[in-house]
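The lines below spell out each chain.
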Amino acid sequence: MNFPLRVLHLEDDARDTELVQATLEGEGIQSELTRVEREQDFLAALKRESLDLILADYTLPSFDGLSALRIAQQDSPDVPFIFVSGTLGEDVAIEALKTGATDYVLKTRLARLGPAINRALREARERADRKRAEALLAGERRILEMIAKGDLLPAIFDTLCQLVEEQLPNVISSVLLVEGDRLRHGGAPSLPKSYNGAIDGLVIGPSEGSCGTAAYRGESVIVSDIATDPLWAKYRDLALSHSLRACWSTPIISSANKVLGTFAMYYREPRSPTSQDFGLIELATHLVRIAVERDRAEEALRTSEQLARSHVEVMMRSLDVLATEAAPEKFIAEMLRTIGQHLHARGVLLWLRNQKDDSLRLHLVIEDDQQVAPDPQHPFLKDPQAWKRSLQEMLFTKGPVVCDDIEQDSRIGAEFREYLMNRGRKKFLAIPMFVLGEVRGFIGIQHDERGAYRPEEIELAQALAHHVMLATHGAELGEQRRHAVVLEERTRMARDIHDTLAQGFTGVIIQLDTSVEALRDEEPEAAAKHIGRARELARESLTEARRSVHALRPQALEKATFADALRAIITNTTAGTSLHSDFQLKGEPHELQPAVEENLLHIGQEALSNALKHAFATKFRARLSFDSDAVRLELRDNGKGFVVDSANGGGIGLIGMRERAQQIGATLAVTSKPGRGTKVIAVSSYQQPVTK
């Protein structure tokens, strides 16, 4: 044995104690025996000393071994108890073992004492290991449950530290989290508050104690004696003033191989780790990693959901303004104001380009949420060609110009940079606007603080820029072609917007609502899938909106046949929702004119959108039939239905479907009754001429 065995010997004869000690030494067992013979001395020794073994005579003048056994079972149940007696009958021995004695050895056969002690100590260690493993497993399960419930990280870390300290009574544990180039307090319930406060914000570096160095190196740092280790030079006085003498720190490495924080074990005496210490360190860092990554994943999920909802709200708001505001200029100002609000911009400027000479005209300026007069000192106004020295790449890339730091960006002309910096601007976005694939202008979005633009911010700005261009282009058409052309173009735009954004975002809203239900049911993976579908539907809708602005064929029909495109739209829109869909294809597909495919596709989208948004249907069936002389599209839902004749003008959706049917010379029949669902049938002859 590495250390003397601490033995309490209940014996009234000192010679017997000496004989027992000599026997143990003969067996190679080093021991420190404390002899007692009275009950009060026995009780005092149990409370005073940390014992490895209790030996007891069975019969003493003032006290008996069986009573001592019962006391030991209450006060020190894990300490092996062996009777060493001169006389011990079989019945008495059986009673002693039943009461809890580990073994018994007759004084006349002390040769058995060494093996009996070794066996008792081995069994005690095994019991202790089992209890420790069970406690560790229960603690791990408790922490995982806290993580699954979404408990706050400080509570999880404190519980973890307490679990480690229960396993290693002399240890003090700590969790620190990486924040930029520093470590911040995560959890350390047993460290003094003054110490935790002093190291909160510890710099990550090559000689910053155990934790700062471990985070810097990305590997464990073992400091066995703080008083002499050079890594603790800056913090030695702090640690020693709190009686901390050893500190081992291990970095928490994420699944992406990044340092998330550190887990540290402190001791109040110099020492090095054991195999048990390493096992607990590995478990602790594993649990911290799970907790931090789960917390960050949920935060990212919440941020993603909020961003997706923000996209939907902004788009729906712009649609409402477009539908109710007759004056394009007011709509344009409202959209620029919306851009400024959602992107927290200081200024938003609308520039229109003259295609003949590439000059710019400043059409409208919003600053601090108010429309203001253009500044005549702006370099682009003083020289309408100056913009090309900073932003001409838009003409070639047809993508946004992103400037995260005006002072350092070499693309910006000197005069433009000086102008922006004098006005306190630190970064800007320039979002191009298109009509039929040509850059007709751009929106400048200016900010007073530095920092990288997020992809989501750029995407939202682009979406709103298209709305602004729709209104701007509509105003230009009104000036050029008067009422008839304006009406035709605005009708096309409104119908395209309705068939792309409005219908698409109906699916987005359904997916987001389903994700909220999943989060409430503590199903983050399912929620993530729904949000992913929502983001994909939003991107597809924005893409289709851009294509409609450019007067291009729907992307779905560019990638697949008409039947497959319709099937995919129905499947993707209803995935994960309470609306169960069914698509049937009958007959041999016939080649259709592009306009027929596009309009029938939009009729199908509108019927599906109505079933999701208004009808509260649970079933939706689409049947596409290629008959001998015509293509027939039949759409049914089991929703709440309505009285077709009493509908106010049939609603914009019904009007749009009828207009699309008229465009391709098709017949359209809509039948519905309250509580009986809705049926839409569109039939287009193969030889039917397409109208314009």
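Residues numbered from 1 in each chain as written. Predicted model: local features only at pLDDT ≥ 70, side-chain atom pairs only at ≥ 80, totals over all residues. Heavy atoms only, no water.

Trainee: Just checking my understanding: could you explain the packing of helix α5 (residues 113–149) against helix α6 (residues 153–167) for this structure?
Mentor: When two helices pack together, their arrangement is given by the angle between their axes and by how far apart the axes lie. Look at α5 against α6: their axes get within 10 Å of each other, and the N-to-C directions meet at 180°. Taken together, α5 and α6 sit at an angle that is classed as roughly antiparallel. For the pair α5 and α6, contact is made by R132, A135, L136, G139, E140, R142, I143, M146 and I147 and by A155, I156, T159, L160, L163 and Q167, respectively. Looking at the contact of α5 with α6, its residues break down into 9 nonpolar, 3 polar and 3 charged. (Axes fitted to C-alpha atoms, helices over the stretch in contact; angles between N-to-C directions. Helix = DSSP H or I, 4+ residues; strand = E, 2+ residues; numbered from the N terminus. Parallel < 35°, antiparallel > 145°, perpendicular 65-115°, else oblique. Contact = heavy atoms within 4.5 Å. Nonpolar A, V, L, I, M, F, W, Y, C, P; charged D, E, K, R; others polar.)

Trainee: Looking at this structure, how should I read the environment of I253?
Mentor: Mapped onto the fold, I253 is located in strand β10 (residues 246–253). Separated by 34 residues in the primary sequence, I253 and E219 have C-alpha atoms spaced 9.2 Å apart. Setting aside residues no more than four positions away along its own chain, I253 makes contact with G218, K258, V259 and R289.

Trainee: Can you walk me through empty space enclosed by the protein in this structure?
Mentor: Once rolled over the atoms, a probe with the size of a water molecule shows which space is left empty. Under the criterion given, the structure shown has 5 cavities of 30 Å³ or more. Quantified by volume, the largest cavity comes out at close to 100 Å³. Contributing to the lining of the largest cavity are 14 residues, with F416, F428, F442, G444 and Q446 lying nearest its centre. Counting residues per element, the lining of the largest cavity draws most heavily on strand β17 (residues 438–447), at 4 residues. By residue class, the composition of the lining of the largest cavity is 11 nonpolar, 3 polar and no charged. (1 Å grid on protein atoms, 1.4 Å probe; cavity = no way out; pocket = protein on both sides within 12 Å on 5 of 7 lines; lining within 4 Å. Points joined across faces, edges and corners; volume = space filled by probe spheres on them.)

Trainee: Would you mind going over the sheet that holds strand β3 (residues 53–56) with me for this structure?
Mentor: As a general point, the strands of a sheet are linked pairwise by backbone hydrogen bonds and lie either parallel or antiparallel. Taken together, 5 strands build an open sheet; the order of strands is β2-β1-β3-β4-β5 and the sheet is parallel. Whereas interior strands pair on both sides, the edge strands pair on one side only; in this sheet they are β2 (31–36) and β5 (103–106). Neighbouring strand axes in the sheet, compared pairwise and without regard to direction, differ in orientation by 25° on average. Here strand β1 (residues 5–10) runs beside β3; their pairing, made up of 4 bridges, is parallel. The residue of β3 that forms the bridge with V7 is L53. Relative to β1, helix α2 (residues 39–48) is tilted by about 165°, and along the sheet it contacts β1, β2, β3 and β4 (81–85). (Pairing = 2+ DSSP bridges.)

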